[in-house]
Amino acid sequence: MLIGHAFEEGVLHLSLPGDLDLTTRSAADLEAQALAQTHRPRLVRVQLSTADPSPASLSVLSRVRRFCENVRIPLTVVGPVKVAAAPPQE
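This is a predicted model, so every value here is computed, not measured.

A.B. asks: Help me understand unusual backbone geometry, please; the structure alone is not making it clear to me.
C.D. replies: Negative phi characterises most residues that are not glycine, and trans characterises most peptide bonds. A positive phi angle, close to 50 degrees, is found at Arg-40, a residue other than glycine. Tracing the sequence through the fold places Arg-40 in the loop between α1 (22-39) and β3 (43-48). Of note in the backbone geometry, Arg-72 takes a positive phi value of approximately 60 degrees without being a glycine. Looking at the secondary structure, you find Arg-72 in the loop between α2 (55-70) and β4 (75-78). Judged by its relative accessible area of 74%, Arg-72 is exposed.

A.B. asks: Please clarify how the sheet that holds strand β1 (residues 4-8) should be interpreted in this entry.
C.D. replies: The strands making up a sheet associate through backbone hydrogen bonding, with each pair oriented either parallel or antiparallel. Strand order in this open sheet of four strands is β1-β2-β3-β4, and the pairing throughout is mixed. With partners counted over all chains shown, the strands left at the sheet margins are β1 and β4, one partner each. Pairwise comparison of adjacent strand axes, ignoring direction, gives a mean angle of 20 degrees for this sheet. In the packing of α1 onto the sheet, contacts are made with β1 and β2 (11-16), and the angle to β2 comes to roughly 170 degrees.

Criteria and thresholds
Residues numbered from 1 in each chain as written. Predicted model: local features only at pLDDT ≥ 70, side-chain atom pairs only at ≥ 80, totals over all residues. Heavy atoms only, no water. Helix = DSSP H or I, 4+ residues; strand = E, 2+ residues; numbered from the N terminus. Buried < 20%, exposed > 50% of the residue type's maximum accessible area, 1.4 Å probe, protein only. Pairing = 2+ DSSP bridges. Axes fitted to C-alpha atoms, helices over the stretch in contact; angles between N-to-C directions. Contact = heavy atoms within 4.5 Å.

Here it is, written out as structure tokens:
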């Protein structure tokens, strides 16, 4: 699998790598669509893994958005998770 996923409480969580390229773009898109068709979620949530995704990753995001619109599944997109730095030790 090129993309990570989890399904909980009707939400399909997809983790989209930021380094997809032209050779992996179509496979990632097909995986996302197959997961959505299999789980029939009430919401799809896409997590970007980097603040500057590759053009191919953005293309997959665009295709997933279009697919979700066509089958009337709401889509949300969130950026990379930032971990707060620990306060300095004294």
